[in-house]
Amino acid sequence: MVRGVRVLLLSDTHGVLDPRVQALAKTADRVVHAGDVGSSDVLDRLGNVRAVFGNNDVPGKWKGDPAVQASLPQQFVEELPGGLLVAEHGHEALPANRRHEVLRARHPEARLIVYGHSHRLLVDDAESPWVVNPGAAGRSRTYGGPSAILLRATNRSWTLDVHRFPLERPRPLHPTG
């Protein structure tokens, strides 16, 4: 039997966690949040989570415990079966049109780099290290619906399952009939 770990990669909740992403987090062994968390409540609802600071994770915009906001690192490295995962928000990886190149040069030891900031879901596994952006897991600028990526990591292989949920239509304030 191949022993592995399931890691949910998400980003850009901005204080609102889509309930379908939260349900997906319950199926993972751990969660990595690539910044712009927005509130302590989001982290509490995710369970076994590590998160990085995003450019919007600042005192004037943060909801909840300010000590949690202040404790978010700029980046972290996580050892997983088969390699290293690096997380950062990506807002300082400039210029934006060369962000993946910049991230790869910054973290050559990684097997996978996860970042956020643009809210755009993408998987760049054409070269090593892989660079992924899980998109926005809340309501803000989801570009087609809230999303997240489930990484399955074993000593032998890593696979990525992309999850994009349809946009939910707002419910009317008053029933019509």
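Residues numbered from 1 in each chain as written. Predicted model: local features only at pLDDT ≥ 70, side-chain atom pairs only at ≥ 80, totals over all residues. Heavy atoms only, no water.

Chemist: Is there a simple way to think about the pairing of strand β2 (residues 30-33) in this case?
Modeler: Along any regular strand, the residues point their side chains to alternate faces of the sheet. Here strand β1 (residues 4-10) runs beside β2; their pairing, made up of four bridges, is parallel. The residue of β2 that forms the bridge with Leu9 is Val32. Handedness of the crossover joining β1 and β2 through helix α1 (residues 19-25) is recorded here as right-handed. Pairing between β2 and strand β3 (residues 49-51): three bridges, direction parallel. Bridging from a neighbouring strand, Val32 pairs with Arg50 of β3. With helix α2 (residues 40-46) bridging β2 and its parallel neighbour β3, the resulting β-α-β unit is right-handed. (Pairing = 2+ DSSP bridges. Helix = DSSP H or I, 4+ residues; strand = E, 2+ residues; numbered from the N terminus. Right-handed = clockwise from strand over helix to strand, strands pointing away.)

Chemist: Please explain the packing of aromatic side chains as it appears in this structure.
Modeler: Each aromatic ring pair is summarised here by two numbers: the centre-to-centre distance and the angle between the ring planes. Under the defined criterion, the tally for this structure stands at zero aromatic pairs. Here the basic side chain of Arg50 rests over the ring of Phe76, its NZ or CZ set 4.0 Å away from the ring centre. Its guanidinium or amino end placed over the ring of Tyr143, Arg120 lies 3.6 Å from that ring's centre, counting from NZ or CZ. (Phe/Tyr/Trp six-rings, centres within 6.5 Å; stacked < 30°, edge-to-face > 60°. Lys NZ or Arg CZ within 6 Å of the ring centre and 35° of its normal.)

Chemist: Help me understand the sheet that holds β3, please; the structure alone is not making it clear to me.
Modeler: By definition, the strands of a sheet pair up through backbone hydrogen bonds, in either a parallel or an antiparallel sense. The strand order across the open sheet built from five strands is β3-β2-β1-β9-β10, with neighbouring strands paired in mixed fashion. In the strand order of this sheet, the two ends are held by β3 and β10 (158-164), each with one partner. Within the sheet, the average angular offset between the axes of one strand and its neighbour, ignoring direction, is 20 degrees. Summarising the sheet, β1 and strand β9 (residues 147-154) pair through six bridges and their orientation is antiparallel. Bridged to Arg6 within β9 is Arg152. (Axes fitted to C-alpha atoms, helices over the stretch in contact; angles between N-to-C directions.)

Chemist: Explanation requested: unusual backbone geometry in the structure shown.
Modeler: Glycine aside, residues mostly have negative phi angles, and peptide bonds mostly take the trans form. The amide bond that connects Leu94 to the next residue, Pro95, takes the cis arrangement and shows omega of 5 degrees. If you trace the backbone, Pro95 turns up in the loop between β5 (83-88) and α4 (99-106). The omega torsion across Ser128 and Pro129 is -5 degrees, close enough to zero to call that bond cis. Mapped onto the fold, Pro129 is located in the loop between β7 (122-124) and β8 (130-133). Phi is positive for Arg141, close to 45 degrees, though the residue is something other than glycine. With respect to the helices and strands, the residue Arg141 is situated in the loop between β8 and β9. Taking relative accessible area as the criterion, Arg141 reaches 44% and is therefore assigned partly exposed. (Buried < 20%, exposed > 50% of the residue type's maximum accessible area, 1.4 Å probe, protein only.)

Chemist: Got a minute to help me understand the sheet that holds β7 in this structure?
Modeler: In space, the five strands of this open sheet follow the order β4-β5-β6-β8-β7, with mixed pairing throughout. Two strands lie at the open edges of the sheet, namely β4 (75-80) and β7, each paired on one side alone. Averaged over all pairs of adjacent strands, the angle between strand axes in this sheet comes to 15 degrees, irrespective of strand direction. In the sheet, β7 pairs with β8 via three bridges, with the strands oriented antiparallel. Along β8, the bridge assignment pairs Leu122 with Asn133. The strands touched by α4 within the sheet are β5, β6 (112-114), β7 and β8, with β8 carrying the most contacts at an inclination of about 125 degrees. (Contact = heavy atoms within 4.5 Å.)

Treat this as a map of the structure, not an account of what it does.
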